[in-house]
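Per-entry structural report
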Amino acid sequence: MLNNFTEQIHKKIRETGPITIAEFMTICLLDPTNGYYPTRDPFGKDGDFITSPEISQMFGELIGLWCMQTWHDMGQPKKINLIEYGPGRGIMMQDIVRVAKLDKYFLESINITFIEASPVLEAIQAETLSKAPCPVNWASNLEEIPQMPTIILGNEFLDCLPIRQFIQTDENLGLKGWRERLVTVKNNKLGFGISPIELPEWQKKILPTSHYKAIQNDLLEFCPAFSQIIDELKKRSLKSDTRALFIDYGPATTDFGDTLQSLQEHRKVNVFSDLGNADLTARVNFEHLANLSINNNLSVTSVITQGEFLCNMGIKVRAKNLMKAKPESRSNIQRQLNKLISRDEMGALFKVICFQSEGLGLPLGFESLK
Ligand code: SAH
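Residues numbered from 1 in each chain as written. Predicted model: local features only at pLDDT ≥ 70, side-chain atom pairs only at ≥ 80, totals over all residues. Heavy atoms only, no water.

Observations regarding the overall build of the protein chain
- What the protein chain contains, in helices and strands, is 13 helices and 16 strands.
- Taking 21 Å as the expected radius of gyration for a compact globule of 370 residues, we find that the protein chain reaches 21 Å, a close match to that expectation.
- With the principal axes as the frame, the protein chain shows a C-alpha extent of 65 × 45 × 40 Å.
- Every one of the 370 residues in the protein chain was classed for burial, and the buried ones make up 57%.
- The long-range share in the protein chain, meaning contacts at least 24 apart out of those at least 6 apart in sequence, stands at 75%.
- A total accessible area of about 17,100 Å² is found for the protein chain, and carbon and sulfur atoms account for 51% of it. (Helix = DSSP H or I, 4+ residues; strand = E, 2+ residues; numbered from the N terminus. Rg over C-alpha atoms; globule rule 2.2 N^0.38 Å. Buried < 20%, exposed > 50% of the residue type's maximum accessible area, 1.4 Å probe, protein only. Contact = heavy atoms within 4.5 Å. Areas by Shrake-Rupley, 256 points an atom, 1.4 Å probe, with all protein chains shown as cover.)

In structure tokens:
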């Protein structure tokens, strides 16, 4: 017996044909009544996954220092946007605000805006930030937010943006060229299929450039929203000083292969097993992001690992100080530190990248500009 939501997706495919993986992700993650994000709080031990700001206050605190330094780099403007994409429960911003209290002028300058797709999470963010001594607003996109010096943050936001997948098909099997991998229904079950038509030449131009290196059966992922984000950042960066920091999981250089994954209760599950009740993400292609930025003349840093970034920001010193202040939490803080920076945990798989207006100089925590 299929549940209602699964039946709805089957019906759509039966009526209009196979859908792209991006359409499938959009429905499963964002459908207003049955989608994953709009209907729950997915975080924490009892949820499906845990993110860096939820692991330790140190994460948000260091991002807070990074924001404060950026405000200095921009010449301490009277007003600054502090924008966060996909803020989850708002924990990172809460930690940032606590750090901002160290400098009254910085605190006074801040206007927080969240860009959040889930009404459930928006309500939780409002609660978390209810005592913040600065304005907190929500917007549906970057363009709506007033022009002024701007800091943009996104932790584990890019990985939930819908991806499309393309396969360099095998001529020996009678298929030719790049074809899109689709979600289809066979024997009353959802599964993957392949488009009967070859990707037109003009569309190949928007794929990550490494598609030239593909051999037969290689699968390449592509996130269409990336170019829109880079375009919006570029526009804003020309009008006012802008810096955007993104932290996420994925490779620094393009890899071939299917990385679509579904998580439920901290375990990987089949992507079709519980539609709307399991998280769906894909690895972020940081090389593609950096290339889009370079092609758009938007200044970008070299990609570094989360471990390198947090160590450059002084996380080990912060951990030591916290341990001194709370000796009873010593082993807990050590465990959190390890989770965030160790190469076997989030330290190497997670990467950090920053886009910014021309002339702002090297942002804190990074090693070079591209
Ligand atoms: N940054 C948070 C949460 C990461 S989970 C943390 O680190 O804990 C992803 C977040 O992005 C959730 O808040 C989710 O609701 C939001 N989100 C997912 N797709 C979105 C979209 N298209 N637009 C805006 N927010 C989105």
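Regarding the nonpolar core
- Ranked by size, the top nonpolar core spans 53 residues in total, and within it Leu158, Leu233, Phe246, Leu289 and Phe355 carry the most contacts.
- Contributions of two or more residues to this core are made by α1 (4-16), α2 (21-30), β2 (80-85), β7 (178-186), α9 (225-239), β10 (242-249), α10 (286-295) and β16 (350-356).
- Counting contributing residues, this core receives three or more from each of domain 1 (39-161 + 223-356) and domain 2 (164-221).
- In contact with leucine 158, other than residues within four places in its own chain, are Phe226, Ile229, Phe246, Asp248, Val284 and Leu289.
- Listed in part, the 49 residues of the second largest apolar core include Ile80, Leu107, Ile151 and Ile315. (Core = buried A, V, L, I, M, F, W, Y, C linked by side-chain atoms within 4.5 Å. Domains from an automatic or database assignment.)

Some remarks on the domain arrangement of the protein chain
- Segmenting the protein chain into domains produces domain 1 (39-161 + 223-356) and domain 2 (164-221).
- For domain 1 versus domain 2, the distance between C-alpha centres works out to 32 Å.
- Each side of the interface is counted separately: domain 1 has 16 residues, and domain 2 has 18 residues.
- Taken over both partners, the interface formed by domain 1 and domain 2 buries close to 1,200 Å², and the fraction arising from carbon and sulfur atoms is 63%.
- The interface formed by domain 1 and domain 2 contains 1 salt bridge.
- Residue aspartate 258 pairs with arginine 181 through a salt bridge whose shortest N-O separation is 3.4 Å.
- Counting the contacts that link domain 1 with domain 2 gives 4 residue pairs in polar contact (both at pLDDT 80 or more).
- Looking at the side of domain 1 that touches domain 2 residue by residue, the class counts come to 8 nonpolar, 6 polar and 2 charged. (Buried area = accessible area lost by both parts, 1.4 Å probe. Salt bridge = Lys/Arg side-chain N within 4 Å of Asp/Glu carboxyl O. Polar contact = N/O pair within 3.5 Å; in protein donor to acceptor, adjacent residues only side chain to side chain. Nonpolar A, V, L, I, M, F, W, Y, C, P; charged D, E, K, R; others polar.)

Comments concerning the sheet that holds strand β13 (residues 279-281)
- Reading across the sheet, the 3 strands line up as β12-β11-β13 and stay open at both edges, with antiparallel pairing between neighbours. Each end of this open sheet is capped by a strand with a single partner; those strands are β12 (267-269) and β13. Strand-to-strand twist in this sheet, taken as the mean axis angle between neighbours without regard to direction, amounts to 40 degrees.
- By the bridge criterion, 3 bridges tie strand β11 (residues 261-264) to β12 in an arrangement that is antiparallel. From the neighbouring strand, glutamine 264 faces β12, where its bridge partner is arginine 267. (Pairing = 2+ DSSP bridges. Axes fitted to C-alpha atoms, helices over the stretch in contact; angles between N-to-C directions.)

Re the site of the ligand
- In the region of the ligand, 18 residues are neighbours, and Thr51, Gly86, Gly88, Glu116 and Asn155 sit closest.
- In this structure, a nitrogen atom belonging to the ligand sits 2.7 Å away from a main-chain N or O atom of glycine 86.
- Within the side chain of glutamate 116, an N or O atom sits 2.6 Å from an oxygen atom of the ligand.
- Taking 570 Å² as the accessible area of the ligand by itself, protein coverage stands at 92%.
- Classifying every residue of the shell around the ligand by side-chain character gives 10 nonpolar, 5 polar and 3 charged. (Near = heavy atom within 4 Å.)

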